[in-house]
Amino acid sequence: MRITVLYGSARKNGVSSSAAKKVLNAVRREEDEIREYYLAEQHILPCAGCLACRKQEVCSRKGDDMENIYKDIVSSDFVIFSSPVYCLDVTGPFKLMYDRLYPMLGGPQPKYVPRHPGIRSCMILSQGAPPFAFADVAERMEFRLKNNGFDNLATLRYVFGIDLSVEEEEMRAKAEALREKQVQDNDLLIAEICRRLGR
Ligand SMILES: Cc1cc2nc3c(=O)[nH]c(=O)nc-3n(C[C@H](O)[C@H](O)[C@H](O)COP(=O)(O)O)c2cc1C
């Protein structure tokens, strides 16, 4: 199986990157081909908005790291996307990369059709805030993935990503319990991803 992992955080051992590695380690087998990209370290030009990719699967942007990232994504059996929530959305490097996946869609507006339907994926999001906040980021990402033709097997959210700086003891205990529960729920989702991938 070909697996591509996209890390949207500059923090290589942060919450979202660690969770992405946890998923990777759960699904990977020795014979798998793995590609990993720390997006903050990649040279990714912003989409030029030329719409050349509407007619053919081409990109007018040449010579940056997105050429390889794009090829790896569309030839993958499974793609692990990860990003923290920054300023109410995915990070800048993640969004730069995602805009450049526009060639995955073809055909005339408004009936864009995925050119690579059915690539299985998993989305990981981390955030400082509690779970009831920023659920819209997960919803939007799922919609984006579906729109590009991905078969997103699960979206894992990791909340309270920063140091639990809750002063009050009772609040802090509640926050920790919520976070632990979410890690357990995510572990069940990872088991389900493995099952769906036949791993
Ligand atoms: C510039 C910046 C913006 C952030 N914006 C948000 C936000 O809008 N909502 C939120 O819940 N957390 C926000 N955070 C907190 C991060 O999402 C949180 O610390 C996350 O767990 C970091 O993930 P990582 O460990 O994978 O880097 C922000 C952090 C930074 C540095």
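To be clear, the structure that these remarks concern was listed above.
Okay, the packing of helix α1 (residues 15–27) against helix α6 (residues 169–196) next. Two numbers describe how α1 lies on α6: the axes approach to 10 Å, and their chain directions differ by 40°. The orientation of α1 relative to α6 falls into the category oblique. Regarding α1 and α6, the two cross each other, and that crossing is right-handed. Along the contact surface, α1 presents Lys 22, Val 23, Ala 26 and Val 27, while α6 presents Ile 190, Ile 193 and Cys 194. Tallied by class, residues from the contact of α1 with α6 come to six nonpolar, no polar and one charged.

Here strand β3 (residues 78–84) lies mainly inside the structure; seven of its seven residues are buried. Because side chains alternate across β3, one face comprises the buried residues Phe 78, Ile 80, Ser 82 and Pro 84, and the other comprises Val 79, Phe 81 and Ser 83, equally buried. The sheet contact formed by strand β1 (residues 2–7) and β3 spans five bridges and is parallel. When the sheet's bridge partners are listed, Thr 4 is paired in β3 with Val 79. One ladder, built from seven bridges, connects β3 with strand β6 (residues 120–126); its direction is parallel. Along β6, the bridge assignment pairs Phe 81 with Met 123.

In this section: helix α5 (residues 135–147). The periodicity of an α-helix, 3.6 residues per turn, causes residues three or four places apart in sequence to face the same way. Given a rise of 1.5 Å per residue, 13 residues ought to cover 18 Å, and the 18 Å separating the end C-alpha atoms of α5 matches this to within 8%. Val 137, Met 141 and Leu 145 are the residues of α5 that are buried. Looking straight down α5, one finds that the buried residues subtend no more than 70° of arc, so they occupy a single side. Exposed residues lying more than 90 degrees from the buried face of α5 are Asp 136, Glu 139 and Phe 143. Summarising the contacts, the buried residues of α5 are in contact with β6 and β7 (151–158). Following α5 by one or two positions, Gly 149 adopts a phi angle in the positive range, close to 95°.

Each value, and the rule that gives it
Residues numbered from 1 in each chain as written. Predicted model: local features only at pLDDT ≥ 70, side-chain atom pairs only at ≥ 80, totals over all residues. Axes fitted to C-alpha atoms, helices over the stretch in contact; angles between N-to-C directions. Helix = DSSP H or I, 4+ residues; strand = E, 2+ residues; numbered from the N terminus. Parallel < 35°, antiparallel > 145°, perpendicular 65-115°, else oblique. Left-handed = near helix turned anticlockwise from the far one by under 90°. Contact = placed C-beta atoms within 7 Å. Nonpolar A, V, L, I, M, F, W, Y, C, P; charged D, E, K, R; others polar. Buried ≥ 20, exposed ≤ 12 C-beta atoms within 10 Å, placed from the backbone. Pairing = 2+ DSSP bridges. Expected span 1.5 Å × (residues − 1). Arc of directions from axis to C-beta.

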